[in-house]
Protein chains: 2
Amino acid sequence: MSEVKSSPPPVGGSPRARRKEDARARILAEARRIVLDQGFEALTMRRIAEAAGYSAAALYLHFENREAIARELGEAGMRALLEALAEAGKTVDPLQRLKALALAYAAFGRAEPETYRLIFMEPGFATTALGGKDAAGAAAFALIGGVFQDLTTAGRLRDGLDLEGLALTFWIVLHGMVSLKLTCSAFLVAPEEDLLAAALDNLLHGALRPNREP
Amino acid sequence: MSEVKSSPPPVGGSPRARRKEDARARILAEARRIVLDQGFEALTMRRIAEAAGYSAAALYLHFENREAIARELGEAGMRALLEALAEAGKTVDPLQRLKALALAYAAFGRAEPETYRLIFMEPGFATTALGGKDAAGAAAFALIGGVFQDLTTAGRLRDGLDLEGLALTFWIVLHGMVSLKLTCSAFLVAPEEDLLAAALDNLLHGALRPNREP
DNA sequence: TCAGTTTATGAACGATGTTTAGTGAACACT
DNA sequence: AGTGTTCACTAAACATCGTTCATAAACTGA
């Protein structure tokens, strides 16, 4: 889908630093392929090392930990998710953009379930991926917030709505849907698009019959 | 919160079977304590064995796997969740019941995060816990579905709503909220009650301003 | 009492993440 | 060019993990 690369690739510099950067990139690429092909739990130092043509100990010259490798993969995955969302975020009409964002989010979860699990369902990862310096997560969330901002300025939202809470609710629905699909697929039998459409409809128009006396 | 016990405890029988059942229960109880105290990843066969006064190999006389122990813990957790929800499900008014169910669900996630992670966020567990014979999960979900059923018969829902989809959406919101709180607590800063209230409000009343031309 | 079953153990196997000592090769400096 | 230093790397080891196996003790039923 998208290449794994360190956030700013300082490709220049001494040939030493260049080789080092190459090694890092190769290790990360192989690690990503392992996660994609065999799942996150198959991400083993020895397996990564063999795939990259190193011994296991050599990985510790380029990364502090197994967790550091996984974290980097998660951050790259977050950037990929942001890319997918940004593509959908080009839609002009806010409501259609909202639907496009939802579909893109769900599609990402379906296309790269192990990456999604790595980003959002492993303990201690999402925090760094969301609050890191690059803050790809924050940018992705801002994309959602922008929709409701636009809906507000267009005067299409109810009065007295907490925009932050609304954007959070939207994200919560997306994440709940994707993550449940990953862990309880046997229970969530309905196709995603239908579920998403229903959830969006409920969220936008409400489930209750409009009442005269509030 | 509630004791860990096998679904039907056939406490009678030969003294042999009784001792065996005791051993099983003791092992499960210690396993549960480890998960609660030190987290799921600290659930080690040798640790469980030591806590229960056995050797590691002895555990395999009572359980097939480490996973079997974890699965049993997850099912017990699911029953505990069902209990908590059932308590909230006694509320008469459907709308208040919905809010009570949401609060109970969130409270369970907050009180036993590791149990919740075990049930819903470990790969391959939720499926069995939801579709098992006891089907505590199905009962819990039925509790939610009942609310919307009652709302329907009371004529308080919009026409043409997919009840199943609505209940699923509700559950998705609850799960998305709790699980995000577990993995992205740094990002989800707002207090749970506020978030839940906002999400419920959006779900029930809709975010869009009611429009004349549909 | 004795045969048979059940229950438990210690040692072992393969695999995991990680550390350490040692080995050349590449580099920097005179 | 020679020399000392740093760097990248490996093999071996350590502790721990889940799991298996041979073996011994304890209990059961006759």
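This write-up is about the structure you can find in this document. Computed from a predicted structure; not experimentally measured.

Structural notes on the overall build of chain A
- A count of helical and extended segments in chain A gives nine helices and zero strands.
- Of all 214 residues assigned to chain A, the portion counted as buried reaches 47%.
- As displayed, chain A has an accessible area near 10500 Å², and 53% of this comes from carbon and sulfur atoms.

Some details on the protein's contact with DNA strand D
- Surveying the vicinity of DNA strand D reveals 22 residues, the closest of which are A:Ser55, A:His62, B:Met45, B:Arg46 and B:Tyr60.
- Considering the 4 Å shell around the protein, atoms of DNA strand D inside it are sugar or phosphate in 63% of instances.
- Within the side chain of B:Arg47, one N or O atom sits 3.3 Å away from a phosphate oxygen of DNA strand D.
- Mapped onto the surface near DNA strand D, the elements with two or more residues apiece are helix 1 (15-38) of chain A together with helix 1 (15-38) and helix 2 (45-52) of chain B.
- Class assignment for the residues of the surface near DNA strand D results in nine nonpolar, five polar and eight charged.

Some thoughts on the packing of aromatic side chains
Residues and elements named next belong to chain A.
- Taken as a whole and assessed by the stated rule, the structure comprises 10 aromatic pairs over all chains.
- With centroids separated by 5.8 Å and ring planes inclined at 80 degrees, the aromatic side chains of Tyr105 and Tyr116 adopt a geometry described as edge-to-face. Taken together, the positions of Tyr105 in helix 4 (residues 94-111) and Tyr116 in helix 5 (residues 113-120) put the pair 11 residues apart, joining distant regions of the chain. Each member of the pair, Tyr105 as well as Tyr116, carries the same accessibility label: buried.
- Between Tyr116 and Phe120, the ring centres sit 4.8 Å apart and the planes meet at 45 degrees, which makes this aromatic pair tilted. Taken together, the residues span about one helical turn, with Tyr116 and Phe120 both in helix 5 at a distance of four residues.
- Judged by relative accessible area, which is 0%, Tyr116 ranks as buried.

Things to note about the pattern of salt bridges
- Counted under the stated rule, the structure contains 16 salt bridges over all chains.
- Taking the shortest distance from any N to any O, the salt bridge between A:Asp201 and B:Arg158 comes out at 3.2 Å. Pair noted here: A:Asp201 is in helix 9 (residues 192-205) and B:Arg158 is in the loop between helix 8 (136-153) and helix 9 (163-183), and the two residues belong to different chains.
- Across the pair B:Glu112 and B:Arg32 runs a salt bridge, and its minimum N-O distance is 3.3 Å.

So, the relation of the copies chain B and chain A
- Of the transformation placing chain B onto chain A, the axial shift is 0.0 Å and the rotation is 179 degrees, giving an RMSD of 0.1 Å. What the rotation and shift describe, once combined, is the action of a two-fold rotation axis.
- Interface overlap between copies: 100% of the residues of chain B at the interface are likewise at the interface in chain A, consistent with a symmetric, same-surface contact.

With respect to the side chain of A:Asn202
- Mapped onto the elements, A:Asn202 comes out in helix 9.
- In this structure, A:Asn202 is in contact with A:Ala207, B:Leu161, B:Leu166, B:Thr169, B:Asn202, B:Leu203 and B:Gly206, ignoring residues within four places of it in sequence.

How each quantity is defined
Residues numbered from 1 in each chain as written. Chains lettered and ligands numbered in written order. Predicted model: local features only at pLDDT ≥ 70, side-chain atom pairs only at ≥ 80, totals over all residues. Heavy atoms only, no water. Helix = DSSP H or I, 4+ residues; strand = E, 2+ residues; numbered from the N terminus. Buried < 20%, exposed > 50% of the residue type's maximum accessible area, 1.4 Å probe, protein only. Areas by Shrake-Rupley, 256 points an atom, 1.4 Å probe, with all protein chains shown as cover. Near = heavy atom within 4 Å. Polar contact = N/O pair within 3.5 Å; in protein donor to acceptor, adjacent residues only side chain to side chain. Nonpolar A, V, L, I, M, F, W, Y, C, P; charged D, E, K, R; others polar. Phe/Tyr/Trp six-rings, centres within 6.5 Å; stacked < 30°, edge-to-face > 60°. Salt bridge = Lys/Arg side-chain N within 4 Å of Asp/Glu carboxyl O. Least-squares fit on C-alpha atoms with pLDDT ≥ 70 in both. Contact = heavy atoms within 4.5 Å.

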